[in-house]
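# Observations on the three-dimensional arrangement
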Amino acid sequence: MTESKLSFFGRLSVAIGSFFAILGDGELAANVRRLRDGTFAPTPPTPAAAPVVPAATPQPAAAPVVIKEASPDAALQLLGLLQRNARFVDFVEEDIAGYSDADIGAAARLVHDGCRATLREHFTIRPVRAETEGSRITLPAGFDAAAIRLTGNVVGSAPFNGSLSHRGWRADDVKLPKLIDSHDVSVIAPAEVEL
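Residues numbered from 1 in each chain as written. Predicted model: local features only at pLDDT ≥ 70, side-chain atom pairs only at ≥ 80, totals over all residues. Heavy atoms only, no water.

With that out of the way, let us pick up the overall build of the protein chain. Regarding its fold elements, the protein chain presents five helices and four strands. Counting from the amino terminus, helix and strand elements in the protein chain follow one another as α-α-α-α-α-β-β-β-β. Contacts spanning at least 24 positions in sequence make up 72% of the contacts within the protein chain whose residues lie at least 6 apart. A total accessible area of about 14,800 Å² is found for the protein chain, and carbon and sulfur atoms account for 59% of it. (Helix = DSSP H or I, 4+ residues; strand = E, 2+ residues; numbered from the N terminus. Contact = heavy atoms within 4.5 Å. Areas by Shrake-Rupley, 256 points an atom, 1.4 Å probe, with all protein chains shown as cover.)

This part takes up the packing of aromatic side chains. A complete count under the given rule lists one aromatic pair for this structure. Where F143 meets F160, the ring centres are 6.2 Å apart and the plane angle is 85 degrees; that geometry is what we call edge-to-face. Taken as a pair, F143 in the loop between β2 (136-139) and β3 (160-163) and F160 in strand β3 lie far apart in primary sequence, 17 residues in all. Each member of the pair, F143 together with F160, is buried. (Phe/Tyr/Trp six-rings, centres within 6.5 Å; stacked < 30°, edge-to-face > 60°. Buried < 20%, exposed > 50% of the residue type's maximum accessible area, 1.4 Å probe, protein only.)

What follows covers the packing of helix α3 (residues 73-86) against helix α5 (residues 101-122). Between α3 and α5, the shortest axis-to-axis distance is 8 Å and the interhelical angle comes to 130 degrees. The orientation of α3 relative to α5 falls into the category oblique. The chirality of how α3 crosses α5 is right-handed. In this structure, α3 uses L78, L81, L82, N85 and A86 to contact α5, whose residues at the interface are V111, G114, C115, T118, E121 and H122. Residues that form the contact of α3 with α5 fall into these classes: six nonpolar, four polar and one charged. (Axes fitted to C-alpha atoms, helices over the stretch in contact; angles between N-to-C directions. Parallel < 35°, antiparallel > 145°, perpendicular 65-115°, else oblique. Left-handed = near helix turned anticlockwise from the far one by under 90°. Nonpolar A, V, L, I, M, F, W, Y, C, P; charged D, E, K, R; others polar.)

This part covers the pattern of salt bridges. Scanning all chains against the criterion turns up four salt bridges. D172 is the partner of R126 in a salt bridge, and the nearest nitrogen-oxygen pair spans 2.5 Å. A residue pair is termed long-range when its members are at least 10 positions apart, and R126 in strand β1 (residues 123-127) and D172 in strand β4 (residues 169-174) qualify at 46 residues. A relative accessible area of 42% means that D172 is categorised as partly exposed. Residue E131 pairs with R129 through a salt bridge whose shortest N-O separation is 2.7 Å. Take E131: its relative accessible area is 27%, and that puts it in the partly exposed class. (Salt bridge = Lys/Arg side-chain N within 4 Å of Asp/Glu carboxyl O.)

Here the bond from A158 into P159 is cis, since omega is 10 degrees, no more than 30 degrees from zero. You can see P159 is positioned in the loop between β2 and β3. The residue R87 is not glycine, and still its phi comes out positive at about 55 degrees.

Now for the environment of E133. Along the chain, the position of E133 falls in the loop between β1 and β2. According to the relative accessible area criterion, E133 is partly exposed, its value standing at 31%. Distance in space between the C-alpha atoms of E133 and S165 is 5.4 Å, their sequence separation being 32 residues. Among the polar contacts made by the side chain of E133, one reaches the main-chain amide nitrogen of R167 at a distance of 3.2 Å. (Polar contact = N/O pair within 3.5 Å; in protein donor to acceptor, adjacent residues only side chain to side chain.)

With that settled, consider the confidence of the model for the protein chain. Mean pLDDT over the protein chain works out to 83, with 77% of the residues at or above the 70 mark. Model confidence for the protein chain, summarised as mean pLDDT per element, is weakest for helix α1 (residues 8-24) at 65 and strongest for β1 at 96. (pLDDT = per-residue confidence, 0-100.)

Here it is, written out as structure tokens:
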């Protein structure tokens, strides 16, 4: 089957993968929105122009960047919770080519409900920005660049005026269950043996 004519199952697989990619990448989300609105024109990302600083102005020494190694334990624990509550890994690993569109739609609804319940049980998630998407906003100098990504034609320095294409998401609270030392988080779901 050609890339331009994916089956329902192929589209569903792309949709689920895209869902998580869009959640993690605001620029991708903005591009998808522009594509859906019919205004998408691929352009290479443009780096923000550095403000012009007079030569006589002394610059403070930049703090060294500290790179932390992330422990996979919390990610594996969340994956285990999504599997337990939504059969997420089963769904993604299943070869769905032989199922009808109605069967896949029903399964996707169950997986969605379980994933949503898991997120709501273990995370307090709220938008980064309170304004409605599409609203015009002004970002002052010193805005939180970790919470707000500038896209489009980024030139000059703040204040920036633009349209809010995605409100963003912030986790205010994480409530993952505590683990005992002997728990193996790499076992996302134990094998089941019926006697």
